[in-house]
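# Structural overview
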Amino acid sequence: MKIKSGKSLLVTCLTTIILFGACSTMNKTQKGAIIGTAGGAAAGAVVGRVSGNTALGAIIGAAVGGVTGTIIGHKMDKQAEEIRNKVPNAKVERIGEGIVVEFNEKILFGFDQSNLTNLSKSNLDKLIVVLKEYPETNIQIQGHTDDVGTEKYNMKLSKKRSSSVKNYIQTQNINSSRLSIKGFGETAPHYSNATSDGQSQNRRVDFLITANSKMKEEAKKEANH
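Below or above, wherever it landed, is the structure these notes cover. Please read these numbers as outputs of a predicted model, since none were measured by experiment.

## Topic: helix 5 (residues 66–86)
An ideal rise of 1.5 Å per residue puts 30 Å on 21 residues; helix 5 measures up with 30 Å between its terminal C-alpha atoms. For helix 5, the full list of buried residues reads Thr68, Gly69, Ile71, Ile72, Gly73, Met76, Gln79, Ala80, Glu82 and Ile83.

The structure is reproduced here in structure tokens:
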């Protein structure tokens, strides 16, 4: 039997801490600092696969860790609170050095639709106000669906939904260099597809907000002073 490398063992431990609530005395910013220390894209990919949580994996992949990561985490705390106040219909979660904002179908899209209504745009406008206040962040827009229909169709629909959101945000003077999209189809449900309510919640778009290179550099300088 092969012995796991130190890196693999560390990733496994981090996964356990995050997913099963070990070290309950630590807040999310502190956990983020630890995650980033062993993080990077490889660690993020591992945790994302193990947990089935695409947002968690992506945020870990973008993490810096250490004192720098803690400073970034505090900046994200402030931004997350503003989003909660200005976008009350969205679900906002702080994870490590990032923020996940979840818009479900009821907020953005009709069933089996990818076009944005005026109400959808109004809801997005509330988030855009905050995104403009924090230009030193990157935003990945992830599209998701329920499991009704074929996997191929759902993957296509999820990509169309994330593209629709990205295209609209760009028209509101958010720099396109900050934006990226990804479609997951039915592969990453957060809720049970066994109920109609769960299916409705799985038809969602998630915003993953992470520090860009400028914020990381500024936080690094602050950490070294």
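## Topic: the nonpolar core
In this structure, Ile83, Val101, Phe103, Leu108, Leu124, Val165 and Phe207 are the most contacted members of the largest nonpolar core, which totals 34 residues. Grouped together as the second largest cluster of nonpolar side chains are seven residues, Leu56, Ile95, Val100 and Leu208 included.

## Brief notes about the sheet that holds strand 5 (residues 204–211)
The strand order 1-2-5-3-4 describes an open sheet built from five strands, whose pairing is mixed. In the strand order of this sheet, the two ends are held by strand 1 (91–95) and strand 4 (179–183), each with one partner. Along the sheet, successive strands turn relative to each other by an average axial angle of 20°, direction set aside. Where strand 1 meets strand 2 (residues 98–104), five bridges bridge the pair, whose relative direction is antiparallel. Residue pairing across strands places Arg94 opposite Ile99, the latter belonging to strand 2.

## Topic: the pairing of strand 3 (residues 137–143)
Most of strand 3 sits inside the fold, with five of its seven residues counted as buried. Pairing between strand 3 and strand 5: seven bridges, direction antiparallel. Each residue of the ladder has a partner; that of Ile141, found in strand 5, is Phe207. Strand direction decides the pairing type here: strand 3 and strand 4, joined by five bridges, are parallel. Residue Ile139 lies in a different strand from strand 4, and its bridge partner there is Leu179.

## Remarks on the environment of Leu208
Mapped onto the elements of the fold, Leu208 is located in strand 5. Given the relative accessible area of 2%, Leu208 is considered buried. Remark: the alpha-carbon pair of Leu208 and Ile59, spanning 149 residues in sequence, is separated by 7.3 Å. Not counting chain neighbours up to four residues away, the residues in contact with Leu208 comprise Thr54, Ala55, Ala58, Ile99, Asn138, Ile139, Gln140 and Gln142.

## Concerning helix 8 (residues 151–171)
In this model helix 8 runs 31 Å from its N-terminal to its C-terminal C-alpha over 21 residues, within 8% of the 30 Å that 1.5 Å per residue would give. Among the residues of helix 8, Asn154, Leu157, Ser158, Arg161, Ser162, Val165, Lys166, Tyr168 and Ile169 are the ones counted as buried. Each element contacted by the buried residues of helix 8 is listed here: helix 6 (105–108), helix 7 (118–133), strand 3, strand 4 and strand 5. Asn173 sits one or two positions beyond helix 8 and adopts a positive phi of about 65°.

The rules behind the values
Residues numbered from 1 in each chain as written. Predicted model: local features only at pLDDT ≥ 70, side-chain atom pairs only at ≥ 80, totals over all residues. Heavy atoms only, no water. Helix = DSSP H or I, 4+ residues; strand = E, 2+ residues; numbered from the N terminus. Expected span 1.5 Å × (residues − 1). Buried < 20%, exposed > 50% of the residue type's maximum accessible area, 1.4 Å probe, protein only. Core = buried A, V, L, I, M, F, W, Y, C linked by side-chain atoms within 4.5 Å. Pairing = 2+ DSSP bridges. Axes fitted to C-alpha atoms, helices over the stretch in contact; angles between N-to-C directions. Contact = heavy atoms within 4.5 Å.

Keep in mind that these numbers describe shape and distance, not what the molecule does.
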